[in-house]
Amino acid sequence: MSVIHRTTMAPTKLELLTAWLPTRPWYRGGEGTVPELAKAGGFRLDDPEGEVGIEFMVVADSAGDEVHAYLAAMTYRAAPLAGAEHALIGTTEHGVLGTRWIYDGAHDPVLLGELTALLEGRAVPQAQSVSDTTDPTVEASFHGPAGAWDTTAAPGVEEGAYGTDVRLGAGAPPLRLARVLDEKAAGPRGHVVTGWSLPDGEARRGAYVLVLDPS
């Protein structure tokens, strides 16, 4: 079960994401725009080894004329992930755990392994901010055979205008992290669906992750 520490992080996750989001091709702010972020929702997954933190975090950006909700799938590690320098969001000093390396989880095999386990019904989503508590609002489904993804394979990651597509093995259904959240988005082969909130308190619900048809 996830353990949530009530402590400080310097810089905070929001500060790190403020610098990272504008570097993404799916970021909707114009050139030179500084995001104005607020935490808006999400959930966690457990690493069976108890070493890596896994969080699907939504942030709402009020910097422009329209509020956008972005999905940041992140992992928290006690040491650098070999070969993943390009996926590093940043480092932070955690008040209990010390230095943590924070990665874009689309490139982290631990997050991807637990995400596929969630889709196949082998992992249980955890509350984002409460220890030892499952999150029943998260709905996961996959219409396909067990073992469809090769989680031992190096992920093929492609960034697009609306999300990040991840391939795990030849012929496997691609996983799309729906970076710009949209209540109408749907995955033909499955999804991970849950809620988030806008800064004015409006509640929304939609797909964080889409399972696409193999091409």
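Residues numbered from 1 in each chain as written. Predicted model: local features only at pLDDT ≥ 70, side-chain atom pairs only at ≥ 80, totals over all residues. Heavy atoms only, no water.

## Thoughts on the overall build of the chain
The criterion, for reference: Segments assigned H or I by DSSP are reported as helices when at least four residues long, segments assigned E as strands when at least two residues long, and all are numbered from the N terminus. We compute the radius of gyration over the C-alpha atoms and compare it with the globule rule, which gives 2.2 Å times the number of residues raised to the power 0.38. Accessible area is worked out with a 1.4 Å probe on protein chains only. A residue is then buried under 20% of its type maximum, exposed over 50%, and partly exposed in between. Between two residues, a contact is recorded if the distance between any of their heavy atoms is within 4.5 Å. Per-residue and other accessible areas were derived by the Shrake-Rupley procedure at a 1.4 Å probe size, with only the shown protein chains allowed to occlude residues.
Broken down by element type, the chain carries 2 helices and 13 strands. Here the C-alpha radius of gyration of the chain, 16 Å, is about what a compact globule of 215 residues would show, namely 17 Å. Along the first, second and third principal axes, the C-alpha atoms of the chain reach 40 × 40 × 35 Å. Residues counted as buried form 47% of the 215 residues belonging to the chain. Summarising the internal contacts of the chain: among those between residues at least 6 apart in sequence, 59% fall at separations of at least 24. Carbon and sulfur atoms form 51% of the exposed surface of the chain, whose accessible area is close to 10,000 Å².

## Here we look at helix α1 (residues 13–20)
The test is simple: The arc in question is the one traced by the directions running from the helix axis out to the C-beta atoms.
Among the residues of α1, those classed as buried are Lys13, Leu16, Leu17 and Trp20. Buried residues of α1, viewed axially, fall in a sector of 95 degrees; they line one side.

## Overview of the sheet that holds strand β7 (residues 126–127)
Note the cut-off: We call two strands paired when DSSP finds no fewer than two bridges between them. Each axis is a line fitted through C-alpha atoms, and for a helix only the stretch in contact is used; angles between axes span 0 to 180 degrees, taken between their N-to-C directions.
Strand order in this open sheet of 7 strands is β1-β5-β6-β4-β3-β2-β7, and the pairing throughout is antiparallel. Across the chains shown, the open sheet's two edge strands, defined by having one partner strand only, are β1 (9–10) and β7. The sheet strands contacting helix α2 (residues 109–119) are β2 (37–45), β3 (53–61) and β4 (68–77), and the helix crosses β3 at an angle near 85 degrees.

## As for the nonpolar core
Note the threshold: To define a nonpolar core, start from buried Ala, Val, Leu, Ile, Met, Phe, Trp, Tyr and Cys residues and group those joined through side-chain atoms within 4.5 Å.
Ranked by internal contacts, the top residues of the largest apolar core, which has 36 residues, are Phe56, Trp149 and Tyr208. Trp26, Tyr27, Tyr76 and Ile89 belong to the second-largest nonpolar core, a separate cluster that totals 16 residues.

## A few points about the sheet that holds strand β9 (residues 156–159)
What the 6 strands build is an open sheet, ordered β8-β12-β13-β11-β10-β9; its pairing is antiparallel. With partners counted over all chains shown, the strands left at the sheet margins are β8 (139–142) and β9, one partner each. Averaged over all pairs of adjacent strands, the angle between their axes in this sheet comes to 25 degrees, without regard to strand direction. Judged from the 8 bridges that link them, strand β12 (residues 190–197) and strand β13 (residues 203–211) form a sheet pairing that is antiparallel.

## Quick notes on the environment of Pro173
Mapped onto the elements of the fold, Pro173 is located in the loop between β10 (164–167) and β11 (175–177). Accessibility expressed as a relative area gives 3% for Pro173, which makes it buried. Distance in space between the C-alpha atoms of Pro173 and Pro188 is 10.0 Å, their sequence separation being 15 residues. In this view, Pro173 contacts Phe142, Ala148, Trp149, Arg189, Val211, Leu212 and Pro214; residues no more than four positions away in its chain are not counted.

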